[in-house]
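What follows is the residue order along each chain.
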Amino acid sequence: MSTASVWPQTAATAFKLADELGYDGVEVMVWADPMSQDVPGLRRRSARIGVPIMAVHAPCLLITQRVWSPDPEVRLRRSVEAAQDLDARTVVVHPPFRWQRRYADAFPDLVASLEERTGVAIAVENMFPVRRGLGTRSMEMTAFRPSIDPTDVGHRNYTLDLSHTSAAHMDAMKLAERMGEGLTHVHLADGSGLSKDEHMVPGRGDQPCAELCESLAANGFKGQVVLEVSTRRARGPAERAKDLAEALLFARLHLISPNGR
């Protein structure tokens, strides 16, 4: 479970719910939450509760541009160091923003060199464009360089986010095919096709969540599937827990391999 799934609650709530609901571990979204930035504190919390940290999401959002450093390269390097300190095998990162030209030019080589040096998989995530206006006057713009599709560049490892494919009106199964063996990390969520990042509980939207999970299971997927859903509209802790339990049940049901494992 991504710690982002409990926002506006903190990572402390995520660890607690992950333990109570039976998740295998957590992905830490590094953002404004002080605990998410405190690597020794995260390690202590993980050990005390018994919930491992399996991935670190680098601070890539517009609202996290100064978390750890205003320099995106420094933020990525620190995320990889955090993953090493936390025994997490994966770092999730977004493609560079268009205005980060120097970072964007160096990004493919930077990612490859960090992976080679540390053994941490840096899984570059698919994103979605911004749409403005309605009907024939609508415009579509991308904030990412060179595009919202990391396969346009080519990386060793990818994150496939199904809420993002919904917002981008992309075919998630075809994107998974393009990612091929590089697909090592999945953000399992759903969307209704609106031009925004909805992160619905899987099964409540229009994305092929079940089909993708079943395909991964049938093909012996060895990567990580992370529930990254939004519970910000939950009316209290009980409803948040119910949504996260439903998401986990969906994932477990559809990730059963043909041999029953």
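Please read all numbers here as calculations on a predicted model, not as lab measurements.

Before going further, it helps to examine helix 3 (residues 39-49). Along helix 3, the positions that sit buried rather than exposed are Val 39, Gly 41, Leu 42, Arg 45 and Ser 46. Seen end-on, helix 3 carries its buried residues on one side only, within an arc spanning 155°. Every exposed residue of helix 3 that faces more than 90 degrees away from the buried side is listed here: Arg 44, Ala 47 and Arg 48. Considering only its buried residues, helix 3 is in contact with helix 1 (11-21), strand 1 (26-29), helix 2 (34-37), strand 2 (53-57) and helix 4 (72-85). Sitting at the amino-terminal end of helix 3 is Asp 38, which places a side-chain oxygen 3.0 Å from the backbone nitrogen of Gly 41.

Right, let's get into the pattern of salt bridges. Considering all chains together, one arrives at ten salt bridges under this definition. Two residues, Asp 87 and Arg 43, come together in a salt bridge whose shortest N-O distance is 3.3 Å. Taken together, the residues Asp 87 in the loop between helix 4 and strand 3 (90-93) and Arg 43 in helix 3 connect sequence positions 44 residues apart. Here Glu 116 and Arg 156 are joined by a salt bridge, their closest N and O atoms 3.6 Å apart. With Glu 116 in helix 5 (residues 101-118) and Arg 156 in the loop between strand 6 (139-141) and strand 7 (158-161), this pair connects stretches of sequence that are 40 residues apart. Here Arg 156 falls in the partly exposed class, since its relative accessible area comes to 48%. Among the charged side chains, a salt-bridge network with shared partners connects Arg 204, Asp 243 and Glu 246.

This brings us to unusual backbone geometry. A cis geometry characterises the amide bond from Trp 7 onward to Pro 8, with omega recorded as 15°. The residue Pro 8 is located in the segment before helix 1 in this model. At the junction of Arg 145 and Pro 146, the peptide bond is cis and its omega measures out at 5° in the coordinates. Relative to the helices and strands, Pro 146 is located in the loop between strand 6 and strand 7. If you check the backbone angles, Asp 87 has positive phi at about 60° while not being a glycine.

With that settled, consider the state of the cysteines. Applying the stated criterion across every chain, the model contains zero disulfides. Cys 209 takes part in no disulfide bond, and the closest cysteine sulfur, belonging to Cys 213, lies 6.9 Å away. You can call Cys 209 buried: its relative accessible area is 1%.

Moving on, we come to a nonpolar patch on the surface. Taken together, the side chains of Leu 62, Ile 63 and Trp 99 present a nonpolar region at the surface, about 400 Å² in accessible area. With respect to the helices and strands, the residue Trp 99 is situated in the loop between strand 3 and helix 5. Judged by relative accessible area, Trp 99 falls into the exposed class, the value being 54%.

Attention shifts here to the sheet that holds strand 7. Strand pairing within a sheet occurs via backbone hydrogen bonds; the two strands may be parallel or antiparallel. Spatially, 1-2-3-4-7-8-9 is the arrangement adopted by the seven strands of the open sheet, whose pairing is parallel. Of all strands in the sheet, those bounded by a partner on one side alone are strand 1 and strand 9 (224-227). Neighbour-to-neighbour, the strand axes of this sheet turn through a mean angle of 25°, independent of strand direction. Here helix 5 sits on the sheet and contacts strand 3 and strand 4 (121-125); the angle it forms with strand 4, its principal contact strand, is near 145°.

Take the environment of Asp 171 next. Among the secondary structure elements, Asp 171 is positioned in the loop between helix 6 (162-168) and helix 7 (172-179). Its relative accessible area of 40% is what places Asp 171 among the partly exposed residues. Distance in space between the C-alpha atoms of Asp 171 and Gln 207 is 8.6 Å, their sequence separation being 36 residues. Within the structure, the side chain of Asp 171 is placed 3.0 Å from the backbone nitrogen of Lys 174, a separation counted as a polar contact.

Our focus in this paragraph is the packing of helix 1 against helix 3. For any two helices packed against each other, the geometry comes down to the angle between their axes and how far apart the axes lie. Relative to each other, helix 1 and helix 3 sit at 20°, their axes nearing to 11 Å. One way to sum up the angle between helix 1 and helix 3 is to call them roughly parallel. By crossing handedness, the relation of helix 1 to helix 3 is classed as right-handed. Two secondary-structure elements touch here, helix 1 through Ala 12, Phe 15, Lys 16 and Asp 19 and helix 3 through Leu 42, Arg 45, Ser 46 and Ile 49. Grouping the constituent residues of the contact of helix 1 with helix 3 by class yields four nonpolar, one polar and three charged.

What counts and how
- Residues numbered from 1 in each chain as written.
- Predicted model: local features only at pLDDT ≥ 70, side-chain atom pairs only at ≥ 80, totals over all residues.
- Heavy atoms only, no water.
- Buried < 20%, exposed > 50% of the residue type's maximum accessible area, 1.4 Å probe, protein only.
- Helix = DSSP H or I, 4+ residues; strand = E, 2+ residues; numbered from the N terminus.
- Arc of directions from axis to C-beta.
- Contact = heavy atoms within 4.5 Å.
- Polar contact = N/O pair within 3.5 Å; in protein donor to acceptor, adjacent residues only side chain to side chain.
- Salt bridge = Lys/Arg side-chain N within 4 Å of Asp/Glu carboxyl O.
- Disulfide = S-S within 2.5 Å.
- Patch = residues over 30% accessible without salt bridge, like charges linked within 9 Å, V, L, I, M, F, W, Y side chains within 5 Å.
- Areas by Shrake-Rupley, 256 points an atom, 1.4 Å probe, with all protein chains shown as cover.
- Pairing = 2+ DSSP bridges.
- Axes fitted to C-alpha atoms, helices over the stretch in contact; angles between N-to-C directions.
- Parallel < 35°, antiparallel > 145°, perpendicular 65-115°, else oblique.
- Left-handed = near helix turned anticlockwise from the far one by under 90°.
- Nonpolar A, V, L, I, M, F, W, Y, C, P; charged D, E, K, R; others polar.

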